[in-house]
Amino acid sequence: MREPRVRIYQNFCPMLQTFLDYVRFGTTSDEASASSPSSTGQLRLAYRIAEELHTLGCTEVEVSNDGVLYAHILASPGLEHVPPLGFIAHLDTSPDVPGDNVCPRVIRNYDGSPILLGDVALDPAQAPELAGCIGKTIITSDGTTLLGADDKAGLTILVHLARTLLSADAPPHPAVSIAFTPDEEIGRGVDHFQEKRFRARYAYTVDGSAPHIFECANFNAAAATFTFQGVNTHPGSAKGILRNAVKMAQAVLNALPPEECPEQTEDREGFYHPVGVTGTVAAAKLELIIRDHSCERFEARKTFLRELAQSLCARYGAGTVTLELRDQYRNMEDALKTCPFLVDVALDAIRETGLTPAVCAIRGGTDGAHLSARGIPCPNLGTGGYRFHSLTEFACLEEMEQMLRIVLGIVVRWPNVVPASAPLPA
């Protein structure tokens, strides 16, 4: 393995310079914080980008009190009647891995060999995505933090989309709405999103990986919390009295289908996933998440847990087990069935760059999943970033540039594909 070839390039291309600037902002979201944004770095980055967008010529650029950045690009003359098109990326980075004090490294003409990043290795044997980056420019961290390509690559692409559409030689285009959200990584990305400020009734998130991958389906998701009320007493005289809350939690875990877990499922296969258990004999709590692409199977999973809670109450006593179920997001696929043009135009733009598009289902969720359920159909585009939420996260500059061409291709095609009957902003 080798250390990456790192040099100071005096003539970075503008997109690379923007990306390197953004990843140096520490924007890790914090689930323990009740504020929005959950970390101050997100707000600092939002104001920084707002200043850039205003300078470029975007209109009505504003950062809300909750940390959502909104900006608008006016339509070219003659296209003012076309419903606006929206794009969304998120400001925060995952709390799974340290995200402060990022030291990006730039590797030109990557040769395909393993790269040593401090104590970790970015190895093609574990990261097959690297094979497509040979001869290209890749950006990594120094191995002590994540890079932040998720989703600062998306931010970079959309800022440069604005730069392109507001340049003197911009192609004819409809109005474009941009929003950058906080706290997507902890599931709060659109908690404070205001549709009236955004204006667009169709949008794309730019929060995926390879440029050819287009994601227009995702999990239905729910969180389940079991609470167990036991009775503790001295074990020497416990017969007929003691009720062990820890064993109640164990009974739930034992009842879950062993093969329906994240480590044994893929593609559109759903699962139950225990994410935390705490407690004593007297009281315990078990937290799970439920995921399934099928609405029917998703509802069946929730019914299974409800019936399990009832059976445990019958076994241990009324009121000993309670279950709280909370829906988190829904599959965007149903919303997209009403607007196939939103999918078709993206696939055409991907093909135009010489790629063969792959329509995929996300084994997770995005801001777009939430917005689709709220009436803004919102599939997900790539960014050119890979290995998200890890110390070996990396981005490919040429693929970020390719994504900019894809997004621009969607914009210029939009007036020809969106139906005249499509809803205008409220």
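What you are looking at is a predicted structure, and each value in this text was computed from that prediction instead of being measured.

A. Region of interest: the packing of aromatic side chains. Evaluated as defined, the whole model comprises 11 aromatic pairs. Ring centres of Y202 and F341 lie 5.2 Å apart, and the angle between their planes is 70°; on these two criteria the pair is classed as edge-to-face. Placement of the pair is Y202 in the loop between α4 (195-198) and β9 (203-206) and F341 in helix α8 (residues 340-352), with a sequence separation of 139 residues. When sorted by exposure, Y202 lands in the same class as F341, which is buried. Between F219 and F271 the ring centres are 5.5 Å apart and the planes differ by 85°, which places this aromatic pair in the edge-to-face class.

B. Broad picture of the state of the cysteines. Scanning the model with the defined rule gives zero disulfides in all. Free of any disulfide, C58 has its nearest neighbouring cysteine sulfur in C378, separated by 18 Å. For C58, a relative accessible area of 5% gives the class buried. Here C216 is not cross-linked by a disulfide; its sulfur's nearest cysteine counterpart is in C360, at 8.5 Å. Owing to a relative accessible area of 12%, C216 belongs among the buried residues under this scheme.

C. The packing of helix α1 (residues 14-23) against helix α3 (residues 149-165), seen in detail. Contact geometry for α1 and α3: axes closest at 9 Å, N-to-C directions at 135°. In terms of orientation, α1 lies oblique with respect to α3. When you trace α1 past α3, the crossing you get is right-handed. From α1, P14, M15, T18, F19, Y22 and V23 reach across to α3, where they touch A149, K152, A153, L155, T156, I157, V159 and H160. Class assignment of the residues belonging to the contact of α1 with α3 gives a composition of 10 nonpolar, three polar and one charged.

D. Quick peek at the sheet that holds strand β11 (residues 220-229). As summarised here, the arrangement of the four strands in space is β12-β13-β11-β14, forming an open sheet in which the pairing is antiparallel. Since the sheet does not close on itself, it has two edges, and those belong to β12 (271-279) and β14 (321-329), each with one partner. Direction aside, the axes of adjacent strands within the sheet are offset by 15° on average. In the sheet, β12 pairs with strand β13 (residues 283-292) via eight bridges, with the strands oriented antiparallel. Within β13, the position partnered with G279 by the bridge is A284. The strands touched by helix α6 (residues 295-316) are β11, β12, β13 and β14; relative to β14, the strand with the most contacts, the crossing angle is about 165°.

E. The arrangement of the nonpolar core in detail. Core analysis: the biggest nonpolar cluster contains 68 residues, and I49, F87, F180, Y204, L381 and I410 have the highest contact counts within it. Dropping the residues within four chain positions of it, I49 is found in contact with Y22, L69, L91, L155, V159 and F180. The next biggest cluster of nonpolar side chains, apart from the first, holds 23 residues, and it includes A245, L286, F298 and L312.

F. Main features of the confidence of the model for the chain. Residues at a pLDDT of 70 or more form 96% of the chain, whose mean pLDDT is 93. Low confidence marks residues 1-11, where pLDDT is under 50. Its contacts with residues over four positions away, or in another chain, come to 26 contacts.

G. Up close: the packing of helix α2 (residues 40-56) against α3. Taken N-terminus to C-terminus, the directions of α2 and α3 make an angle of 15°; their axes are 9 Å apart at the nearest point. Here α3 runs roughly parallel to α2, going by the angle between their axes. For the pair α2 and α3, the sense of crossing is right-handed. Here α2 contributes L45, I49, E52, L53 and L56 to the contact with α3, which in turn contributes K152, L155, V159, A162 and R163. A breakdown of the residues in the contact of α2 with α3 according to their chemical character gives seven nonpolar, no polar and three charged.

Definitions and cut-offs
- Residues numbered from 1 in each chain as written.
- Predicted model: local features only at pLDDT ≥ 70, side-chain atom pairs only at ≥ 80, totals over all residues.
- Heavy atoms only, no water.
- Phe/Tyr/Trp six-rings, centres within 6.5 Å; stacked < 30°, edge-to-face > 60°.
- Helix = DSSP H or I, 4+ residues; strand = E, 2+ residues; numbered from the N terminus.
- Buried < 20%, exposed > 50% of the residue type's maximum accessible area, 1.4 Å probe, protein only.
- Disulfide = S-S within 2.5 Å.
- Axes fitted to C-alpha atoms, helices over the stretch in contact; angles between N-to-C directions.
- Parallel < 35°, antiparallel > 145°, perpendicular 65-115°, else oblique.
- Left-handed = near helix turned anticlockwise from the far one by under 90°.
- Contact = heavy atoms within 4.5 Å.
- Nonpolar A, V, L, I, M, F, W, Y, C, P; charged D, E, K, R; others polar.
- Pairing = 2+ DSSP bridges.
- Core = buried A, V, L, I, M, F, W, Y, C linked by side-chain atoms within 4.5 Å.
- pLDDT = per-residue confidence, 0-100.

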